[in-house]
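# Descriptive analysis of the structure
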Amino acid sequence: MPFGIGHEIICLISRGALWSFYADIQLQDEENAVVDGPLIVAATHHNMAVDPAILSVTFPHERRLHYWAKDTMFRHPLVRRFLLNCGALPVDRKGKNNAALYAETYKVLRLGEAIAVFPEGTSHTLPHLGAFKDGVSYAALEYAKSIQDDPHPNSDGTLPRPAAVLPVGIVYPEKSKYRSMTIVKYGKPIKVDRYMETYAIDPKRGAKMLTADLTRAVEQLTVNAPDWETRDAAEMARWLLFPRENGLMRDYILVTQSLIKVFDDLASKDGEIAMLKESLRAYKMELEALQLKDSHIARYNEKEINAWSTTMELVRRTLVCVMDLPLFLPGLVGHFPLYIAGYYYADKFEIYEEVRAQNKIMLGLVLLPFVYLAAFVWGWTALFGRTFFGFFEALATLGIFVWYHVVSIDERYENFKDLVGRWRLFDAVVLGRGMWRRKERILQLKYLRDQNLDGVRQMIKTYKGSQDDVHTIWMAIRSRVRKFGDASRLHGRARKLAKQYEWSFDG
C-alpha cells in the first residue's frame, strides 16, 4: 500500500517538533530492526501521539510504518483519503472474526511492509508496562496461517513470508519535560514459526504464548518496577551515584533497572536497605514539594546551607545568566509566549502526565506560525526596510534565529532552572519567607541527602561482589572513573566531578 504526500508532510512536521522539544532521541540496538520483509513493530505506549511520531521519524533504514486506526474514522470520503494517504489501516475492533479484523493488515504485510502497533492499547503513566493485549499476536499468527492456507505469489512474483514481530521500548526519563531525553531500544525480532503448531490446535493458547514472550522481550528493553516506591528510590539513587548526568546517560535503562532490582531484592533481606529505600523516596518527595532538584542541594556537599553560602550561590548563578543574556535574549523574547502557554496550559491544567508532552508540542505547532510570522514581518520592516532583497534576508535571518535558539537552549535552560532553584533557596534561607517551615525543611534536606549518599555508596561497596545487579551498577561507576585518567591532572569542572567519584577509586 503506497504512502502518499500526507505521510511525508506529517513526518516533516513531527521531525521539526521533536527536534525542538527533546534534547536528544537515542537509538539503541537499531541493528535489530529488520531491513525488509513483512514486519510488525510492537512498541510501548507511554506518551500518546508522541510515541508514533518518534517511531515514524527515527525508525532505522528509513522504513515507513503503517498504523492501525478505528474503521469509524474512515467513514468520511475526504478523511478516508487522507488517512490512507498517511498509511493508516482501518481496523474493526468490534468484530469477532480475526480474518476480517486484519484484512487490510494482511494486504500490507503481503507487500513486505511494516506496521507499528502498541500492545498495551492505551497510553499510561505506570511504574511498569501495562498488560499486553493479544492483538499483535493474533495479527502475526493469523497472517502466517493465511499464507500457509493460500500461498499464492505476491503481485511481484515473490512468495509471501511470515511477519516477524519486533519488540521496541520507548523510554522517557522525564517524558513530559521540555528538553528531556528519549531512548528507543530495539530487541531481537521474534519469529512466529515456533507458535504455529500450537496456534493450529488452539489459537487462543498460541496467541497467549506469543504475547507472553513479547511481554518479556519488551520488559528487557524498558524500565519496570513493582511499585512507585521502588521506582522513586531507584531514580533518586541513580541521581546520587551519577552526578551531573541529568538523565542524559547512555546506560540509563541498564543502571535504573539494576537499581530497581537491587531494592526489590535486598530490601526484603536487609533492614538497612529497606530503610534506605524509604529514605530515598522521602528525599525525592520532599524535593518535589519544595520545587527543588538534587543538584540544588548537591552544591553544598562540603559546606553548610546558610545565609552566606546561599547568597553567594545565587549571585554566582545570576552573574552567569546575566553575562549570557545578550546572546540568548532575542530567542527568549521570541519564544516567550510558547513557554508561558506550555507551562500554564500543559503543566498546570493537564492532570495526566502522558498527555502533557503531546499538548505542549501541539500548542507549539499552533502558536509557532504566528510567532515566526510576527518576527519575520518585524525583521523585514525594521531591519531591512521592506525591500525586495530584504524579504529574503529577513527569511534567512529568521531561519538562523530559530536554529540558534534550538541548538543553544539546553545549557541556558539548565542555567535558568538552576537560577530559579537558587532563588527559592535564598527566599527560604535568607529572607525567611514561606509557610510550612521551609528553611528548616531545606536544612533537613541537606542532612537527608548526606545520609542517603553515604547509604547508597555503602550498599554498592557491600554487595558489589555478591549481588549481580549491584555489580552491574559498580561496573557502570567504574567506567566513569576510568575516563578521568589521572585525577590529579584534572582542572575546573572535571576535577570537581572526579572528586564526587573518589569513594570508588579503589576497586
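Because the structure is a prediction, the values reported are computed rather than measured. (Residues numbered from 1 in each chain as written. Predicted model: local features only at pLDDT ≥ 70, side-chain atom pairs only at ≥ 80, totals over all residues. Heavy atoms only, no water.)

Between helix α7 (residues 193–201) and helix α8 (residues 203–219), whose axes approach to 5 Å, the crossing angle comes to 150°. Accordingly, the angle class assigned to the pair α7 and α8 is roughly antiparallel. Together, R194, Y195, T198, Y199 and I201 of α7 and P203, R205, G206, A207, M209, L210 and D213 of α8 make up the contact between the two elements. Of the residues assigned to the contact of α7 with α8, the class counts are seven nonpolar, two polar and three charged. (Axes fitted to C-alpha atoms, helices over the stretch in contact; angles between N-to-C directions. Helix = DSSP H or I, 4+ residues; strand = E, 2+ residues; numbered from the N terminus. Parallel < 35°, antiparallel > 145°, perpendicular 65-115°, else oblique. Contact = heavy atoms within 4.5 Å. Nonpolar A, V, L, I, M, F, W, Y, C, P; charged D, E, K, R; others polar.)

Our next topic: a positive patch on the surface. Together, R244, R299, R493 and K496 make up a region of like positive charge exposed at the surface. With respect to the helices and strands, the residue R244 is situated in the loop between α9 (228–241) and α10 (252–266). Residue R244 is classed as partly exposed on the basis of its relative accessible area of 41%. (Patch = residues over 30% accessible without salt bridge, like charges linked within 9 Å, V, L, I, M, F, W, Y side chains within 5 Å. Areas by Shrake-Rupley, 256 points an atom, 1.4 Å probe, with all protein chains shown as cover. Salt bridge = Lys/Arg side-chain N within 4 Å of Asp/Glu carboxyl O. Lys, Arg positive; Asp, Glu negative; His and termini not counted. Charge placed at Lys NZ, Arg CZ, Asp CG, Glu CD. Buried < 20%, exposed > 50% of the residue type's maximum accessible area, 1.4 Å probe, protein only.)

Applying the stated criterion across every chain yields a total of 17 aromatic pairs. When the ring of W380 is compared with that of F391, the centres are 5.3 Å apart and the planes differ by 85°; the resulting orientation is edge-to-face. Taken together, the residues W380 in helix α14 (residues 353–383) and F391 in helix α15 (residues 388–429) connect sequence positions 11 residues apart. Residue W380 is classed as buried on the basis of its relative accessible area, which comes to 18%. Residue class for F391 comes out partly exposed when judged on its relative accessible area of 30%. Following the ring pairs from residue to residue traces out a cluster consisting of F376, W380, F388, F389, F391 and F392. Above the plane of the ring of Y178 lies R179, whose end atom (NZ or CZ) is 6.0 Å from the centre. Positioned over the ring face of W474 is K464, at 4.0 Å from the centre of the ring. (Phe/Tyr/Trp six-rings, centres within 6.5 Å; stacked < 30°, edge-to-face > 60°. Lys NZ or Arg CZ within 6 Å of the ring centre and 35° of its normal.)

This next bit is on the packing of helix α6 (residues 135–149) against α8. At a closest axis distance of 8 Å, the pairing of α6 and α8 adopts a crossing angle of 120°. Between α6 and α8, the interaxial angle falls into the category oblique. By crossing handedness, the relation of α6 to α8 is classed as right-handed. Across the interface between the two elements, V136, S137, Y138, A140 and L141 from α6 touch P203, K204, G206, A207, L210, T211 and L214 from α8. In terms of residue class, the contact of α6 with α8 is built from eight nonpolar, three polar and one charged. (Left-handed = near helix turned anticlockwise from the far one by under 90°.)

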